[in-house]
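Survey of secondary and tertiary structure
Now for the letters of each chain:
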Amino acid sequence: MTISWEDFLARVVERGEYRGEAEADHATRIVLALLGEHLVGSERIELAGALPATYASLLRDAEPAAEPLTAERFVQGVVGWIDGATPATAQWDIGAVLSTMSDQVPGELIDRVVEQLPDGYDLLFGHPASA
C-alpha cells in the first residue's frame, strides 16, 4: 500500500526538521525530480509506485539526463534549485527525502536503484554499501 501524501510529507518534515510543509514539499519535489532524471527501467517504476501520486509522477515523468551525475554533482544540483542552500543543507534535504522514501520500499529495491547510479549515492540514501 502506498503511503498518503500527508503522511509522507509529515515524515520528511520530521526528518528534515523543516519549519513547515511548504519547505519540505519544495525540497522533496526537487530531490525526486532530479533523481528521476537518473533512474531507468523497472526500478524507476517500482520506486514511483511506492510514493504518493504527486511525488510518483516526478520520478516517472522526468526526462532522462544526458549524463549521470556523480553523488557530489547531484548534491550541487539540489543546491542550485533551493534558494540559500549550501552543500551541507542540500545533503540534509536529500537525506530527509531519500531516507523517507527508503522506508517505503524493500531494501533490495533500494539496492538495485543504487547499483544503477554512480558511486556515492548509497550514502545519500542512507544505505552505505558494504566494502
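See the structure shown above.
The rules behind each value
Residues numbered from 1 in each chain as written. Predicted model: local features only at pLDDT ≥ 70, side-chain atom pairs only at ≥ 80, totals over all residues. Heavy atoms only, no water. Helix = DSSP H or I, 4+ residues; strand = E, 2+ residues; numbered from the N terminus. Expected span 1.5 Å × (residues − 1). Buried < 20%, exposed > 50% of the residue type's maximum accessible area, 1.4 Å probe, protein only. Arc of directions from axis to C-beta. Contact = heavy atoms within 4.5 Å. Axes fitted to C-alpha atoms, helices over the stretch in contact; angles between N-to-C directions. Parallel < 35°, antiparallel > 145°, perpendicular 65-115°, else oblique. Left-handed = near helix turned anticlockwise from the far one by under 90°. Nonpolar A, V, L, I, M, F, W, Y, C, P; charged D, E, K, R; others polar. Polar contact = N/O pair within 3.5 Å; in protein donor to acceptor, adjacent residues only side chain to side chain. Core = buried A, V, L, I, M, F, W, Y, C linked by side-chain atoms within 4.5 Å.

Moving on to helix α1 (residues 5-16). With 12 residues, α1 extends 16 Å from end C-alpha to end C-alpha; this agrees with the ideal 16 Å at 1.5 Å per step. Taken together, the buried positions of α1 are occupied by Phe8, Leu9, Val12, Val13 and Gly16. Along α1, the residues classed as buried sweep out an arc of 140° about the axis, all on the same side. The secondary structure elements touched by the buried residues of α1 are α2 (21-36), α4 (53-60) and α6 (87-102).

Below, the discussion takes up the side chain of Ser102. With respect to the helices and strands, Ser102 occurs in helix α6. You can call Ser102 buried: its relative accessible area is 7%. In this structure, Ser102 is in contact with Ile110, Phe125 and His127, ignoring residues within four places of it in sequence.

Taken N-terminus to C-terminus, the directions of α2 and helix α5 (residues 71-81) make an angle of 135°; their axes are 10 Å apart at the nearest point. What the angle tells us is that α2 and α5 run oblique. The two elements α2 and α5 cross, and the hand of that crossing is right-handed. Each of His26, Ile30, Val31, Leu34 and Leu35 in α2 lies in contact with α5, whose residues at this interface are Phe74, Gly77, Val78 and Trp81. Counted by class, the contact of α2 with α5 contains seven nonpolar, two polar and no charged residues.

Right, let's get into the environment of Arg112. Within the secondary structure, Arg112 is located in helix α7 (residues 107-115). The exposure class of Arg112 is partly exposed, given its relative accessible area of 24%. Between the C-alpha atoms of Arg112 and Leu69, which are 43 residues apart in sequence, the distance is 17 Å. With near-sequence residues (within four places) excluded, Arg112 lies in contact with Ser42, Glu43 and Glu46. Separated by 2.9 Å, the side chains of Arg112 and Glu108 make a polar contact.

This part takes up unusual backbone geometry. Look at Glu17: it is not a glycine, yet its phi comes out positive at around 50°. Assignment of secondary structure puts Glu17 in the loop between α1 and α2.

Before going further, it helps to spend a moment on the nonpolar core. Leu35, Leu47, Phe74, Val78, Met101 and Phe125 are the most contacted members of the largest nonpolar core, which has 45 residues in total. Looking at this core, the elements with two or more residues in it are α1, α2, α3 (41-49), α4, α5, α6, α7 and α8 (121-124). Take this core: its biggest share by element is seven residues, from α2. Setting aside chain neighbours within four positions, we find Val78 in contact with Ile30, Val31, Leu34, Ala90 and Ile94.

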